[in-house]
Amino acid sequence: MAENNVVTFLPVLPNGELVGSAAGLLGAAGRLGSPVAVIVAAPGQGQAAAAAAGTFGAQRVYLAETPQTQSVLTAPALEAVAAAVGATGAEAVLVPNDVDGRDIAGRLAVRLPAAVAADAVGIARDAEGNVVHHSVYGSAYTTESAPTHGTLIVTLREGAVDERAQAAEPTVETLEVPEAGSAAAEITGFSENLQASTRPDLRSAATVVSGGRGLGSAEGFALAEQLADELGGGLGASRAAVDAGYAPNSYQVGQTGVTVSADLYIALGISGAVQHQAGMQSAKTIVAINKDPEAPIFDIADFGIVGDAFDVVPQLITRLKERAGGGS
Amino acid sequence: MKIAVLVKEVPDSYGERKLDTTTGLADRGASDRVIDEITARAVEAAVSYADSAQDAEVVLVTMGPESAESMLRKTLAMGADSACHISDEALTGADLGLSAEVLAAALRRIGFDLVIAGDVSSDGTGGLLPTMLAQRLGVAHLTSLDSAQISETEVSGERGTYGGTVSLRADLPAVVSVTERMPDPRFPGFKGIMSAKKKPLETLTAADLGVDAQADVPRSIMLSVTQAPARTAGTKVTDEGEAGTQLADYLAEKRLV
Ligand SMILES: Cc1cc2nc3c(=O)[nH]c(=O)nc-3n(C[C@H](O)[C@H](O)[C@H](O)COP(=O)(O)OP(=O)(O)OC[C@H]3O[C@@H](n4cnc5c(N)ncnc54)[C@H](O)[C@@H]3O)c2cc1C
Ligand SMILES: Nc1ncnc2c1ncn2[C@@H]1O[C@H](COP(=O)(O)O)[C@@H](O)[C@H]1O
C-alpha cells in the first residue's frame, strides 16, 4: 500500500522550541496518513525540535538548519517544504494559519500549483479524497471544501484540532536549503517579547478569561489574570484593552486576533462588538460580566451578570476557593 | 512611483452577514456592501505617502461584482488617482488561485513599484492573496505589517511573529500587506468627493487579462454550506451583591470548574 504522506510545517521559536501549533498539525496529519514534519531552525537547534516533533507523532522529519532563517523571510522555509513535498509525493501539506504559515502556503500554492484551503478548522478523508472544514463569518456558518485534483495545501487554524497523533521515533533527514533568490524580504531585526507565561495557550485552552476596556487600567486588568489563574485558564483581551496597553497584541481575541476554541469563555468589561464575537462566539459556554445591561455581549452569553467586574470577580474567586477547599 | 492598492468590497461586518446555503456565495441582499476596513487602511498608507512624495501615483485595484464600482468611486475620494475594476460573471465564486491569477495579470498590465493590500479580508479570512501575488509577480512580500515605511527605492516595516516582532525590508518592487494596526483611513473632504467623479476608472474582464476561468488547473471548490444555530441569550442576572457566588455555583453545576 502506497504510503499517504502528509507534510506539516512546524515553526520553531527563537529559542529552538516548537511552536504550540505543532501537536494539532501532526494530529490532523495523522488522521489523513503518515505525518511528515518539516523543521527549519538556526544551526544547532534542529535536533531537539525534531525529537519533540516525534513525541507529537512525526514519522519522518526533514530538517534544515540554516542561519538564513533569521535573515531572510519565508524563502528558507518555502524551499524546505517544497523539497519535502517533492521527496514524499505528499498529497496534503498542512501549515499553521499564522503569518509565516500563510506566506509559505501562498507561495507554494502558486509554485506547484496546488489548490489551497485557508483557515481550516478540521480536515477529514472520505472516498473521494480530503475534505476541509471551515468556520466562516465569525462561526455563523460552517463550510466544506475540497481540491479538484492535485496536492492540497491547508492553513490550519491554531487550536482547532484536538486530535493527537501517537508518539513516534522519527527518521530525521537533513535538507540543504538553497540560498534564497533575490525576491525575498530581508529580516533586519527581531525584538523578543519577554512575557514567558505559564498559562495555557489562548488558542487551545479549555477555559479563557478575557478582559476589556471596562477593566480601566493595566492594574485593573490584573483582575482577569487572577481569574484566569484561579481557573487554570488562558488569558485574552479585547482590541480596546490591547490598544490601551493593558495587554500585549498576542492576547487579542476576535476577527483580527485569535479565535478561541474554549469550553468556557468569560468576558470581563467587554461590550461584545461583532469583531470581538467573531473570535469567541463558538465557545461552548459564554459568561459575561458588564455594567451596561444593553451591552451586545449579553445577546450571546449563557450566563450574564449586569454588574461591576470589580465586585463580582473577587466574590467569584472567594467562592471558587471555598468550593475547592472541600466545602460544599 | 506607482502604488497599486488592492481594495475589496465585503459585507458589512457590523451588520448581519449571510451565505446562500445552496450556492455557497455571499448573499448580497442580506447586508450592506462596504470597503473592507483593512484595505481602507492600505489606501491610507498609499495616499499619505503620495501626499509627501514628489510624484507618486496611486491606483486602486479590485476584483468584484458590479456593485464594487461605487465602492471604488467612494475610495477614489480619499485621494487615489485612478481605479481598475475587474468585473466578470465568470469570476463569481473564484477561489484564491484564480483570484491571484486575475489580480496578478491586472497588476502587470497597470505596472507598479509597490502593491499594498490588507493582510486578511473580513469575509475571506484567507490572508494568502498578497503572498500569492508576490510569487506570481516574482517580487518580495512583506506581509501583516503593523507599521510601514515607504521610500522611492525600498519598503520596510514591522510585524508580530512567534515570541516577538520582526523588522523587515525589501527593495522595490514589492508586495506588502498591512494590518488593522495601521493608521485609520481619512474621511474624504468635499473636494475629494467632487474630483473623484472625474477620475479614470477602467473596467476589465477576465478575457481582457488573458485569464481563462475554466482552465483545468487545481482549484478549491466548496462542497457544502451549513448555517450554525444562532446563539441565544441565556440567564441574565443583575448583581445585588450575590452574583459572584451565583456564578461560582453555576459553573460548578455545569462542571466547568
Ligand atoms: C477592522 C477592525 C478589526 C477589529 N478586530 C477586533 C478584534 O479582533 N477583537 C476585538 O476585541 N475588537 C476588534 N475590533 C474593535 C471592536 O470594534 C471594538 O472596538 C472592541 O472590541 C471594543 O473593546 P471593549 O469591548 O473592550 O471596549 P468597549 O466597547 O469600550 O467596552 C467596554 C465595556 O466595559 C464595560 N464596563 C466598564 N466598566 C466596567 C466594570 N467596572 N465592570 C464591568 N464592565 C464594565 C462597559 O459597559 C462596556 O460595555 C476591530 C475593529 C475594527 C475596525
Ligand atoms: N477580490 C479582491 N480584489 C482586490 N483585492 C483583494 C481581493 N481579494 C483579496 N484582496 C486583497 O488581499 C487581501 C487579503 O485577502 P484574503 O487573502 O482574502 O484574506 C485583502 O485585504 C485585499 O487587499
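Model, not experiment: these values are computed from the prediction.

**Q** Quick one: what's the story with the overall build of chain A, residue by residue and with numbers?
**A** Within chain A, the secondary structure is distributed over eight helices and 15 strands. Relative to the compact-globule value of 20 Å for 328 residues, chain A shows a C-alpha radius of gyration of 21 Å, a close match. Looking at chain A residue by residue over its 328 residues, the buried ones come to 59%. Counting contacts in chain A only where the partners sit at least 6 residues apart, residues at least 24 apart contribute 65% of the total. Here chain A has roughly 12,500 Å² of accessible surface; of this, 48% comes from carbon and sulfur atoms. Side-chain charges in chain A split into 17 positive and 35 negative, and the spacing between the mean points of these groups amounts to 4 Å.

**Q** Tell me about the domain arrangement of chain A, and please be specific about residues and values.
**A** Residues and elements named next belong to chain A. Looking at chain A, the domain boundaries give domain 1 (5-174) and domain 2 (207-325). The C-alpha centroid of domain 2 is placed 32 Å from the C-alpha centroid of domain 1. Between domain 1 and domain 2, the residue contacts involve seven residues of the former and five residues of the latter. Considering only the surface of domain 1 that becomes buried against domain 2, Gly-138, Ser-139 and Arg-157 emerge as the three largest contributors, covering 75% of it.

**Q** Provide a residue-level description of the nonpolar core, including the pertinent values.
**A** By size, the foremost hydrophobic cluster in this structure holds 59 residues, and its most contacted members are Val7(A), Val38(A), Val81(A), Val61(B), Ile86(B) and Leu133(B). With nine residues, the top contributor of residues to this core is helix H3 (residues 96-110) of chain B. The contact partners of Val7(A), leaving out residues within four places of it in the chain, are Val36(A), Val38(A), Val81(A), Ala84(A), Val85(A), Thr88(A), Ala90(A), Ala92(A), Val93(A) and Leu94(A). Grouped together as the second largest cluster of nonpolar side chains are 43 residues, Val47(B), Ala56(B), Ala83(B) and Val166(B) included.

**Q** Can you explain the sheet that holds strand E11 (residues 207-211) of chain A? Please cite residues and give values.
**A** What holds strands together in a sheet is hydrogen bonding between their backbones, with the strands either parallel or antiparallel. As summarised here, the arrangement of the six strands in space is E12(A)-E11(A)-E13(A)-E14(A)-E15(A)-E14(B), forming an open sheet in which the pairing is parallel. The open sheet has two free edges, formed respectively by strand E12 (234-237) of chain A together with strand E14 (235-238) of chain B, since each of these has just one partner strand. Taken over all neighbouring pairs, the strand axes of this sheet differ in orientation by 15 degrees on average, direction set aside. Here helix H5 (residues 218-231) of chain A sits on the sheet and contacts E11, E12 and strand E13 (264-268) of chain A; the angle it forms with E11(A), its principal contact strand, is near 170 degrees.

**Q** Could you give an account of the pairing of strand E8 (residues 152-156) of chain A, with specific residues and numbers?
**A** Where burial is concerned, most of E8(A) is hidden: five out of the five residues are buried. Where burial is concerned, the two faces of E8(A) agree: the one with Leu152(A), Val154(A) and Leu156(A) and the one with Ile153(A) and Thr155(A) are both buried.

**Q** Before we move on, can you summarise the packing of aromatic side chains with the specific residues and values?
**A** All told, the structure shown has two aromatic pairs over all chains when counted by the stated rule. Taken together, a centroid distance of 6.2 Å and an interplanar angle of 80 degrees make the contact between Tyr137(A) and Tyr141(A) edge-to-face. Residue classification places Tyr137(A) among the buried residues on the basis of a relative accessible area of 9%. Aromatic side chains Phe303(A) and Tyr250(B) sit 4.4 Å apart centroid to centroid with 35 degrees between the ring planes, which places their arrangement in the tilted category. In this pair, Phe303(A) is assigned in strand E15 (residues 303-306) and Tyr250(B) in helix H6 (residues 243-253), connecting two distinct chains.

**Q** Now, about the interface of chain B and chain A: what can you tell me, with residues and values included?
**A** Each partner contributes residues to the interface: chain B has 83 residues there, and chain A has 94 residues. At the boundary of chain B with chain A, total buried surface from both sides reaches about 7,300 Å², with 55% on carbon and sulfur atoms. It is Gln135(B), Tyr162(B) and Arg231(B) that lose the most area in chain B upon contact with chain A, and together they represent 12% of the buried surface on that side. In this assembly, chain B and chain A are joined by eight salt bridges. Two residues, Glu186(A) and Arg169(B), come together in a salt bridge whose shortest N-O distance is 2.9 Å. Inspection of the region where chain B meets chain A yields 45 residue pairs in polar contact (both at pLDDT 80 or more).

**Q** Describe in detail the sheet that holds strand E6 (residues 114-118) of chain B, supporting the description with residues and values.
**A** Residues and elements named next belong to chain B. Read across the open sheet, the seven strands follow the order E7-E11-E6-E1-E4-E5-E12; overall the sheet is parallel. The open sheet has two free edges, formed respectively by strand E7 (140-145) and strand E12 (201-204), since each of these has just one partner strand. Direction aside, the axes of adjacent strands within the sheet are offset by 20 degrees on average. Judged from the three bridges that link them, strand E1 (residues 2-6) and E6 form a sheet pairing that is parallel. Following the sheet pairing, Ile-3 is matched in E6 by Leu-114. Here H3 sits on the sheet and contacts E1, strand E4 (57-63), strand E5 (82-86), E6 and E12; the angle it forms with E4, its principal contact strand, is near 155 degrees.

**Q** Could you give me a rundown of the pattern of salt bridges, with the residues and numbers involved?
**A** Under the definition given, this model contains 28 salt bridges over all chains. The partner of Asp103(A) in a salt bridge is Arg159(B), with the nearest N and O atoms 3.0 Å apart. On the criterion of chain membership, the pair formed by Asp103(A) in helix H4 (residues 99-111) and Arg159(B) in strand E9 (residues 154-161) is interchain, its members lying in two chains. Each member of the pair, Asp103(A) together with Arg159(B), is buried. We note a salt bridge from Arg186(B) to Asp51(B), for which the minimum N-O separation is 3.1 Å. With Arg186(B) in the loop between strand E11 (174-178) and helix H5 (190-196) and Asp51(B) in helix H1 (residues 37-52), the pair connects residues that are 135 residues apart, well separated along the chain. On the basis of relative accessibility, which here comes to 27%, the residue Arg186(B) falls in the partly exposed class. One network of salt bridges, in which partners are shared, links Glu186(A), Glu154(B), Arg169(B) and Asp171(B).

The rules behind the values
- Residues numbered from 1 in each chain as written.
- Chains lettered and ligands numbered in written order.
- Predicted model: local features only at pLDDT ≥ 70, side-chain atom pairs only at ≥ 80, totals over all residues.
- Heavy atoms only, no water.
- Helix = DSSP H or I, 4+ residues; strand = E, 2+ residues; numbered from the N terminus.
- Rg over C-alpha atoms; globule rule 2.2 N^0.38 Å.
- Buried < 20%, exposed > 50% of the residue type's maximum accessible area, 1.4 Å probe, protein only.
- Contact = heavy atoms within 4.5 Å.
- Areas by Shrake-Rupley, 256 points an atom, 1.4 Å probe, with all protein chains shown as cover.
- Lys, Arg positive; Asp, Glu negative; His and termini not counted.
- Charge placed at Lys NZ, Arg CZ, Asp CG, Glu CD.
- Domains from an automatic or database assignment.
- Buried area = accessible area lost by both parts, 1.4 Å probe.
- Core = buried A, V, L, I, M, F, W, Y, C linked by side-chain atoms within 4.5 Å.
- Pairing = 2+ DSSP bridges.
- Axes fitted to C-alpha atoms, helices over the stretch in contact; angles between N-to-C directions.
- Phe/Tyr/Trp six-rings, centres within 6.5 Å; stacked < 30°, edge-to-face > 60°.
- Salt bridge = Lys/Arg side-chain N within 4 Å of Asp/Glu carboxyl O.
- Polar contact = N/O pair within 3.5 Å; in protein donor to acceptor, adjacent residues only side chain to side chain.

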